[in-house]
Amino acid sequence: MPRKQLSMNAIQTDSHAVFFEDAAIEALRDHISNTSYSRIFVLTDHNTAQHCLPELIRWIPEAASWTCLEIKAGEAHKHIGSCMEVWEGLSASGADRHSLLVNLGGGVVTDLGGFVASTYQRGIRFINIPTSLLAMVDASVGGKTGVDLGPLKNQVGVINQPEMVLICKVFLKTLDPRELRSGFAEMLKHGLIRDADYWRQLAALETPADAVAHIRHSVALKNEVVQQDPTEKNLRKILNFGHTLGHAIESHFLGHPDLETLLHGEAIVIGMILEAFLATRLCDLPEHQANEIRDVLLSHYPRVDIPREHRPEIIRLLIHDKKNTHGKVLFTLLEQIGKATYNREVPADLLKASFDYYAE
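Residues numbered from 1 in each chain as written. Predicted model: local features only at pLDDT ≥ 70, side-chain atom pairs only at ≥ 80, totals over all residues. Heavy atoms only, no water.

## Comments concerning the overall build of the protein chain
Spelled out, the test is: Every helix listed is a DSSP run of H or I at least four residues long, and every strand listed is a run of E at least two residues long, numbered separately from the N terminus. We take the radius of gyration over the C-alpha atoms and set the globule estimate at 2.2 Å times the residue count to the 0.38 power. In this scheme, a residue with accessible area under 20% of its type's maximum is buried, one over 50% is exposed, and one in between is partly exposed, where area comes from a 1.4 Å probe on protein chains only. Whether two residues are in contact is decided by their heavy atoms, any of which lying within 4.5 Å being enough. Every accessible area reported is derived by Shrake-Rupley at a probe size of 1.4 Å, with residue values counting cover from the shown protein chains alone. The positive count covers Lys and Arg only, the negative count covers Asp and Glu only, and His and the chain ends enter neither. Positions of charges follow a simple convention, taking NZ of Lys, CZ of Arg, CG of Asp or CD of Glu.
Within the protein chain, the secondary structure is distributed over 14 helices and eleven strands. Its C-alpha atoms give the protein chain a radius of gyration of 20 Å, near enough to 21 Å, the size a compact globule of 360 residues would have. Overall, the protein chain is about 60 × 40 × 35 Å in size when its C-alpha atoms are taken along their principal axes. A total of 360 residues make up the protein chain; the buried ones form 56% of that total. Residue pairs in contact within the protein chain that sit at least 24 positions apart in sequence constitute 76% of those at least 6 positions apart. When the accessible surface of the protein chain is totalled, it reaches about 15500 Å², and 48% of it is carbon and sulfur. Put simply, the protein chain has 36 plus and 45 minus side-chain charges, and the middle of one group is 5 Å from the middle of the other.

Below, the structure written as structure tokens:
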């Protein structure tokens, strides 16, 4: 859709639009009514089938027929086995290359659904309707799709863009406070890497629920970065602040039977605190800014106990980070709040010291 036709209720990316609220409902209805899809499929998980699908049904034109496919909820089911179930469901229901897959759910559903659509019969079109705060501000822009490989995050996937993304705050009413906090973490990250004033605005909020009013700004910030580097060769790497160590921590807690699984945002918060410390040693981030980051984040996210004996295994997991090249583990770090740098190597002794900083 041309930029000049978009209102404040939409953001244009290089390939599609992100629509908000009433404009999202109208865009979906128009798209389905004006596109000759052979079949329409809606992918949900168990939770979104119960809490979100009834709302979506109200949006779909009455004349359109559709089929629901459902996967199990949670990061533990973001794997190739779930893809097999969806691929087989599509095939058994007669999906062809002119079918549409509508992904209704959080980041697991939109990531996995986008990957399934991108690979089924070498690619069918898809629409993402994120239903969690995390998915709205993170997965809504950029076209990253994929699944985990065992406990290792997002090791299999492709970059492929949806037809459109539809963001409606009504779905957030179904979330518990912990899920809202998880999404809030990515919004705080956007401020830290790109917009110091935005960081201060978010830092002043009393609760993560208050951040809902700022969703559009986070989407706009991420879109600004992705448009300059769609395939993550350079600048887009700044979006990984907190994710190098955060993903390793998330993977470790996901795969260890004695540890409680962390939500994505909870792990990324730990990663941002650790990597803020690293930045004070490697990028001249002022120590008072690192302490500010730690204090603000810990005011919303309880400190997680990371047993000392588990830390070497977390550090070993860094070798699987997707930013690595030629055997080197590369980090995105901060030069100051609001300005990030990337492709920074970190000595092993500093990695160990960063965990002590978090635990103080």
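## Some thoughts on helix H8 (residues 196–203)
Inclusion rule: Directions are taken from the helix axis to each C-beta atom, and the arc is the one they span. Polar contact criterion, stated in full: a pair of N or O atoms within 3.5 Å, where within protein one must be able to donate a hydrogen and the other to accept it, and residues adjacent in sequence count only if both atoms are side-chain atoms.
Residues of H8 that are buried: Ala196, Tyr198, Trp199 and Leu202. End-on view of H8: buried residues confined to an arc of 160°, all on one side of the axis. The N-capping residue of H8, defined by a side-chain oxygen 3.2 Å from the backbone nitrogen of Asp197, is Asp195.

## Some points on the nonpolar core
Spelled out, the test is: Throughout this description, the term nonpolar core refers to a set of buried Ala, Val, Leu, Ile, Met, Phe, Trp, Tyr and Cys residues connected via side-chain atoms within 4.5 Å.
Ranked by size, the top nonpolar core spans 99 residues in total, and within it Leu56 and Ile215 carry the most contacts. Ranked by residue count, the leading element in this core is helix H11 (residues 264–282), at eleven residues. Each residue touching Leu56, except ones within four places of it in the same chain, is listed here: Leu28, Val42, Val102, Leu104 and Ile129. Of all hydrophobic cores here, the second largest spans 19 residues; its members include Leu43, Trp87, Leu101 and Tyr120.

## Thoughts on helix H9 (residues 215–228)
Note: α-helices contain 3.6 residues per turn, so residues at a spacing of three or four share the same orientation. Heads up, the condition is: Expected span, for any helix, means 1.5 Å times one less than how many residues it has.
With 14 residues, H9 should reach 20 Å at 1.5 Å per residue; the first-to-last C-alpha distance of 21 Å fits that figure. Next to the buried residues of H9 lie strand E1 (10–12), strand E2 (17–20), helix H6 (133–139), strand E9 (164–167), helix H7 (177–194) and H8.

## A word on the environment of Arg194
Turning to its location among the elements, Arg194 is positioned in helix H7. The exposure class of Arg194 is partly exposed, given its relative accessible area of 28%. In the structure, Arg194 is positioned 140 residues away from Leu334 in sequence and 9.9 Å away in space, judged by C-alpha atoms.

## Structural notes on the side chain of Lys222
Along the polypeptide, Lys222 turns up in helix H9. Here Lys222 is in contact with Val137, Asp138, Ala139, Val141, His190 and Leu239, once residues within four sequence places are set aside.

## Thoughts on the confidence of the model for the protein chain
Predicted coordinates in regions of low pLDDT should not be interpreted in detail. Quick reminder of the rule: By definition, pLDDT measures how confident the predictor is in each residue, and it falls between 0 and 100.
Across the protein chain, the average pLDDT comes to 94, with 98% of residues at 70 or higher. For residues 1–5, every residue scores under 50 in pLDDT, and the model assigns this stretch six contacts once sequence neighbours within four places are set aside.

## Focus: the packing of H7 against H8
Stated formally: Interaxial angle, 0 to 180 degrees, is taken between N-to-C directions of lines fitted to C-alpha atoms, where a helix line uses only the stretch in contact. Helix crossings are classified by the rotation of the near helix relative to the far one: an anticlockwise turn of less than a right angle makes the crossing left-handed, while a clockwise turn makes it right-handed. Under this grouping Gly is polar, as are all residues other than the nonpolar Ala, Val, Leu, Ile, Met, Phe, Trp, Tyr, Cys and Pro and the charged Asp, Glu, Lys and Arg.
Relative to each other, H7 and H8 sit at 145°, their axes nearing to 6 Å. Between H7 and H8 lies a crossing whose hand is left-handed. Seen from H7, the contacting residues are Phe184, Met187, Leu188, His190, Gly191, Leu192 and Arg194; seen from H8, they are Ala196, Tyr198, Trp199, Leu202 and Ala203. A breakdown of the residues in the contact of H7 with H8 according to their chemical character gives nine nonpolar, two polar and one charged.

## Notes on the pattern of salt bridges
Where charged atoms from two side chains of opposite charge come close, those side chains can pair. The cut-off we apply is this: For this document, the term salt bridge refers to a Lys or Arg side-chain nitrogen within 4 Å of an Asp or Glu carboxyl oxygen.
Within this structure, the stated rule accounts for 19 salt bridges. In this structure, the salt-bridge partner of Glu163 is Arg125, at a minimum N-O distance of 3.7 Å. Within this pair, whereas Glu163 is found in the loop between strand E8 (152–156) and E9, its partner Arg125 is found in strand E6 (residues 125–130), the two being separated by 38 residues in sequence. Its relative accessible area of 27% is what places Glu163 among the partly exposed residues. For Arg125, a relative accessible area of 38% gives the class partly exposed. Linking Glu360 and Arg294 is a salt bridge whose minimum nitrogen-to-oxygen distance equals 3.0 Å. On the criterion of sequence distance, the pair formed by Glu360 in the segment after helix H14 (348–359) and Arg294 in helix H12 (residues 287–300) is long-range, its members being 66 residues apart. Its relative accessible area of 60% is what places Glu360 among the exposed residues.

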